[in-house]
Amino acid sequence: MSRLIVNADDYAYSEGVSRGILHAARDGIVTATGILSNSPHFASHARWLNGVSTLDVGVHLNLTFGTPVTEGMKATLRGLRHGCEDFCEDKFWTAIAILSGKLPLRVIEAEWDAQIRLCIDSRLPVQFLNSHEHLHALPSLFRLTRALAERNGVTHIRIPYAEWMVPLSTGSILRNAILQTMAFRIPADVKEKSPELLGIACSGKLNETYLFNRLTRLRPGKAYELMCHPGYFQPAEMT
């Protein structure tokens, strides 16, 4: 028998997203969720998790959405973004800033540690780490994520793998090439202990055809994690 974790990303992104995840969890569909703890909704939405004991909770480490929680990150971004202290939503801009050293690892470490501590201090049982836009898979950030997991007693880290499924767009080819390169640098012993990640090929756009093709081919005795993004459509939240 294979084991499937259905992990909903972006808890606390908005009310519609959080309520959709909770609905799916109570119906037994979603079994885990990663929390954006720098969200302005975090404090109230974290309390909603108290009544859902079947849901595994993790931290969705973030460098590309909303406002940082540490003053050091805010100051660094103000210097890089002409006075704007919010995260840049362009993941490629952020990745280049990290790789070039303009966004120092010590600043990222303090920010991500603070994001994890917000969840722990809210009495949430943090069991895993992953990240918005999979930035933690960058080699330098993956080492940092492992250190933060050990420091905070967190057991699991998501390993994002490329999914080469047709049809392939230019964007999916670029994304898969980057993910495959990053996964190659992750130590083999870490990859062996981690579930195989599903959902990359249609991130944010899961459909029945994809689910049927992937879920009917799960191998016995292996663990899988299906990444998904449920939520209610609430027009007032959309731009």
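Scroll up to find the structure.
The paragraphs below set out a description of the structure included in this document. (Residues numbered from 1 in each chain as written. Predicted model: local features only at pLDDT ≥ 70, side-chain atom pairs only at ≥ 80, totals over all residues. Heavy atoms only, no water.)

## As for the overall build of the protein chain
Assigned secondary structure in the protein chain consists of nine helices and seven strands. Taking 2.2 N^0.38 as the reference for a compact globule, 239 residues should give roughly 18 Å; the C-alpha atoms of the protein chain span a radius of gyration of 17 Å, in line with that estimate. For the protein chain, the C-alpha atoms occupy an extent of roughly 50 × 40 × 40 Å along the three principal directions. Taken over 239 residues, the protein chain has a buried fraction of 46%. Looking at the protein chain alone, contacts between residues at least 24 apart form 73% of all its contacts between residues at least 6 apart. Of the roughly 12,300 Å² of accessible surface on the protein chain, 55% is carried by carbon and sulfur atoms. Charge separation in the protein chain, taken as the distance between the mean sites of 25 positive and 23 negative side-chain charges, equals 4 Å. (Helix = DSSP H or I, 4+ residues; strand = E, 2+ residues; numbered from the N terminus. Rg over C-alpha atoms; globule rule 2.2 N^0.38 Å. Buried < 20%, exposed > 50% of the residue type's maximum accessible area, 1.4 Å probe, protein only. Contact = heavy atoms within 4.5 Å. Areas by Shrake-Rupley, 256 points an atom, 1.4 Å probe, with all protein chains shown as cover. Lys, Arg positive; Asp, Glu negative; His and termini not counted. Charge placed at Lys NZ, Arg CZ, Asp CG, Glu CD.)

## Considerations on helix α4 (residues 91–99)
All of the buried residues in α4 are T94, A95, A97 and I98. Buried residues of α4, seen end-on, are gathered within an arc of 160° and therefore sit on one face of the element. In α4, those exposed residues whose orientation departs by more than 90 degrees from the buried face are I96 and L99. The inward-facing, buried residues of α4 abut α5 (105–121) and α6 (139–151). Directly after α4, the chain includes G101, whose backbone phi takes a positive value near 85°. (Arc of directions from axis to C-beta.)

## Regarding the packing of aromatic side chains
Under the defined criterion, the tally for this structure stands at one aromatic pair. Their ring planes at 20° and their centres at 4.5 Å tell us that Y13 and F65 sit as a pair that is stacked. Of this pair, Y13 sits in the loop between β1 (3–11) and α1 (15–26) while F65 sits in the loop between β3 (56–61) and α3 (71–80); the two residues are 52 residues apart in sequence, bridging distant segments of the chain. The aromatic ring of W48 is capped on one face by R19, whose charged end is 4.1 Å from the ring centroid. The aromatic ring of Y224 is capped on one face by K222, whose charged end is 5.9 Å from the ring centroid. (Phe/Tyr/Trp six-rings, centres within 6.5 Å; stacked < 30°, edge-to-face > 60°. Lys NZ or Arg CZ within 6 Å of the ring centre and 35° of its normal.)

## Details of the pairing of strand β2 (residues 32–35)
Here β2 shows a buried face lined by A32 and G34 and a second buried face lined by T33 and I35. With three bridges joining them, β1 and β2 adopt parallel strand pairing. Following the sheet pairing, N7 is matched in β2 by A32. In this view, the connection linking β1 to its parallel neighbour β2 by way of α1 has right-handed handedness. In the sheet, β2 pairs with β3 via four bridges, with the strands oriented parallel. (Pairing = 2+ DSSP bridges. Right-handed = clockwise from strand over helix to strand, strands pointing away.)

## Quick word on the sheet that holds β3
Strand order in the open sheet made by the seven strands is β5-β4-β3-β2-β1-β7-β6, with parallel pairing throughout. Strand pairing shows two members of the sheet lacking a second neighbour, β5 (156–157) and β6 (196–198), which therefore form its edges. In the packing of helix α9 (residues 208–215) onto the sheet, the strands contacted are β1, β6 and β7 (223–228), and the crossing angle to β6 comes to about 155°. (Axes fitted to C-alpha atoms, helices over the stretch in contact; angles between N-to-C directions.)

## Examining the pattern of salt bridges
All chains considered together, the criterion is met by twelve salt bridges. For E196, the salt bridge identified is with R214, shortest N-O distance 3.5 Å. Taken as a pair, E196 in strand β6 and R214 in helix α9 lie far apart in primary sequence, 18 residues in all. Taking relative accessible area as the criterion, R214 reaches 13% and is therefore assigned buried. It is possible to trace a salt-bridge network through shared partners that takes in E196, R214, R219 and K222. (Salt bridge = Lys/Arg side-chain N within 4 Å of Asp/Glu carboxyl O.)

## Digging into a nonpolar patch on the surface
On the surface, F92, L174 and I178 cluster together to form a nonpolar patch covering roughly 260 Å² of accessible area. The exposure class assigned to L174 is partly exposed, which follows from its relative accessible area of 45%. (Patch = residues over 30% accessible without salt bridge, like charges linked within 9 Å, V, L, I, M, F, W, Y side chains within 5 Å.)

## Quick word on the layout of surface pockets
Counted as a void, the largest pocket has a volume near 960 Å³. Along the wall of the largest pocket there are 38 residues; nearest its centre are K91, H132, E133, H134 and S203. Sorting the residues of the lining of the largest pocket by element identifies β1, α1, α4 and α7 (170–184) as the ones contributing at least two each. A total of six residues in the lining of the largest pocket trace back to one element, the largest contributor, which is α7. The residue inventory of the lining of the largest pocket, partitioned by class, reads 18 nonpolar, twelve polar and eight charged. Within this model, the second largest pocket holds a volume of roughly 560 Å³. The wall of the second largest pocket is formed by 24 residues, among which T155, H156, I157, S194 and P195 lie closest to the centre. If you list the elements that add at least two residues to the lining of the second largest pocket, you get β1, β4 (126–131), α6, β5 and β7. Per-element tally for the lining of the second largest pocket: the top contributor is β4, with four residues. (1 Å grid on protein atoms, 1.4 Å probe; cavity = no way out; pocket = protein on both sides within 12 Å on 5 of 7 lines; lining within 4 Å. Points joined across faces, edges and corners; volume = space filled by probe spheres on them. Nonpolar A, V, L, I, M, F, W, Y, C, P; charged D, E, K, R; others polar.)

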